[in-house]
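This is what each chain is made of:
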Amino acid sequence: MIAVILLLAGGVAMAWPLLSAGTGRGDMKRRLHVDAEETGETVADAAAETRRRSSEAVRDKALKKAQEFYAKSDPENVAKIRMKLIQAGYMDPGSVAWFFLARFAALIACMVLAVLYRVAVGADMDLRGWMIAAGAGLSGYFLPGLVLSRQISAKMREYRNGFPDFMDLMVVCSDAGMSMEAGIERVGREIAKTYPSLSENLQLVSIELRAGRSMNDALKALADRLGLDEVRAFATLLQQSKELGTSLSNALRVFSDEMRHKRMSLAEEKAHALPAKMSVPVTMCILPVVLLIAIIPVIVQISEMK
């Protein structure tokens, strides 16, 4: 019995390296297969990333060339457009180049559409046709500017509506003992859902203050970005309060009441202007119908009498 047990143990000891080698070889094959798949995926991802980076490099180079060309040709106009884009919410420095490219693309697209329309209706491309195409291209050239003006108006409406709420929250922060820098940062986070654009600009002010810029300069830059006189008045208020040593909380409370009253005055002004604005559609659309309803029965009676 002891000899049989020893023989079995010896056989197992001799067969164990072969079994472990087979298992290790299977694990090695499986690992090599997985590594090959991962390597293939990694190579494909690297190739896609390389293509994406090359396309972004070409795009960035084209935008840089366009921006440099327009900056050299008319720097004052480029600076004005840059400020308008910032007021519309486009903070990217390459937005100026995108704007000029959009203007050029709109010009070409409108001209092509005008020519295709003339060809589709069977009209000849004579001098009149080319003049119409040129007029369409000119309209397309000014179209991005009109869209930008509409966006600036919408942003300014949001800023004007949100600034009184910003002042109310600043009064609360000031009464709680917070500094002006901490109050601006906290209020910028609080109004992110209600007024996202104003919150973004306030967070930018917080970043400038942490970078070492003075409060007066940061608020003046905020006024330029928002395009509101109220922000300039707020910067002047803080500067005067600091120089004269008056209570900042009381100054903010008075300014907040004034801003709220101004917002209510603007709403009342729009409400009082509504009847004058409604007179034109009422005269053009409703009055002719009323006149026809009043005159047609008389015309019918006169025709029956004849």
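Throughout, residues of each chain are indexed from 1 in the direction in which the sequence is written. Local features in this predicted model are restricted to residues of pLDDT 70 or higher, and side-chain atom pairs are both shown and tallied only at a pLDDT of 80 or more, whereas totals for entire chains, interfaces and linings draw on every residue. Side-chain numbers come from the whole structure's heavy atoms, not from hydrogens or water.

Student: Please give an account of the nonpolar core that cites residues and values.
Tutor: One finds Phe163, Phe166, Met167, Met180, Leu198 and Phe234 to be the most contacted residues of the largest nonpolar core, which totals 32 residues. A run of H or I in DSSP becomes a helix once it reaches four residues, and a run of E becomes a strand once it reaches two; helices and strands are each numbered from the N terminus. Looking at this core, the elements that each hand over two or more residues are helix H4 (127–175), helix H5 (180–190), helix H6 (196–210), helix H7 (215–226), helix H8 (229–244) and helix H9 (248–305). Looking at which element gives the most residues to this core, the answer is H4, with seven residues. Only heavy atoms matter for contacts: two residues are in contact if any of them lie within 4.5 Å across the pair. Apart from the residues lying within four places of it in its own chain, the contact partners of Leu198 are Glu158, Tyr159, Gly162, Phe163, Phe166, Ile191 and Leu226. Counting nine residues, the second largest nonpolar core, distinct from the first, contains Ile81, Leu85, Ala88 and Leu148. Definition used in this section: a nonpolar core is a set of buried Ala, Val, Leu, Ile, Met, Phe, Trp, Tyr and Cys residues joined via side-chain atoms within 4.5 Å. With a 1.4 Å probe rolled over the protein chains alone, any residue whose accessible area is under 20% of its type maximum counts as buried; one over 50% counts as exposed, and the rest are partly exposed.

Student: I'd like a rundown of the environment of Asp217, residues and numbers included.
Tutor: Relative to the assigned elements, Asp217 resides in helix H7. Put simply, Asp217 and Val205 are 12 residues apart on the chain and 9.7 Å apart in space, counted from C-alpha to C-alpha.

Student: So what's going on with a positive patch on the surface? Residues and values would help.
Tutor: Each patch is assembled from residues with relative accessible area greater than 30% and no salt bridge, linking like charges that lie within 9 Å and nonpolar side chains (Val, Leu, Ile, Met, Phe, Trp, Tyr) that lie within 5 Å. Only the protein chains shown count as cover for residues, with accessible areas throughout obtained via the Shrake-Rupley method and a probe of 1.4 Å. Any Lys or Arg side-chain nitrogen located within 4 Å of an Asp or Glu carboxyl oxygen qualifies as a salt bridge. Residues scored as positive are Lys and Arg, those scored as negative are Asp and Glu, and His as well as the terminal groups of each chain are ignored. Think of each charge as sitting on NZ of Lys, CZ of Arg, CG of Asp or CD of Glu. Judged by side-chain charge, Arg150, Arg157, Lys270 and Lys277 come together as a positively charged surface patch. Those elements giving two or more residues to the positive patch turn out to be H4 and H9. Counting through the fold element by element, Lys270 comes out in helix H9.

Student: Residues and numbers for the pattern of salt bridges, please.
Tutor: All chains considered together, the criterion is met by seven salt bridges. Between Glu190 and Arg186 there is a salt bridge, with the nearest N and O atoms lying 3.0 Å from each other. With a gap of four residues between them, Glu190 and Arg186 both fall in helix H5, about one helical turn apart. Classification of Glu190 by relative accessible area gives partly exposed; the value is 46%. Under the relative-accessibility criterion, Arg186 is labelled partly exposed at 37%.

Student: Before we move on, could you go through the packing of aromatic side chains and cite the residues and values that matter?
Tutor: The geometry of two aromatic rings is summed up by the distance between their centres and the angle between their planes. Two rings belonging to Phe, Tyr or Trp (six-membered ring only in the last case) form a pair when the distance between their centres is within 6.5 Å. Interplanar angles under 30 degrees mark stacking, angles over 60 mark edge-to-face geometry, and anything in between is tilted. Evaluated as defined, the whole model comprises five aromatic pairs. Aromatic side chains Phe163 and Phe234 sit 6.1 Å apart centroid to centroid with 80° between the ring planes, which places their arrangement in the edge-to-face category. Remark: Phe234 occurs in helix H8 and Phe163 occurs in helix H4; sequence separation between them is 71 residues. Phe234 carries the same exposure label as Phe163, and that label is buried. Ring centres of Phe166 and Phe234 lie 5.9 Å apart, and the angle between their planes is 80°; on these two criteria the pair is classed as edge-to-face. Of this pair, Phe166 sits in helix H4 while Phe234 is found in helix H8, placing the two residues 68 residues apart along the sequence. For the pair formed by Phe166 and Phe234, the shared burial category is buried. Grouping aromatic residues by their ring pairs yields a cluster made of Phe163, Phe166 and Phe234. A cation sits over an aromatic face here: Arg103 above Tyr141, 4.6 Å from the ring centre. Either the NZ atom of lysine or the CZ atom of arginine qualifies as a charge over a ring when it sits within 6 Å of the ring centre and within 35 degrees of the ring normal.

Student: So what's going on with a nonpolar patch on the surface? Which residues, and what values?
Tutor: Taken together, the side chains of Leu274, Met278, Val282, Ile286, Leu287, Val290, Leu291, Ile295 and Ile299 define a hydrophobic patch exposed on the protein surface, amounting to about 780 Å² of accessible area. Note that Ile299 resides in helix H9. Judged by its relative accessible area of 49%, Ile299 falls in the partly exposed class.

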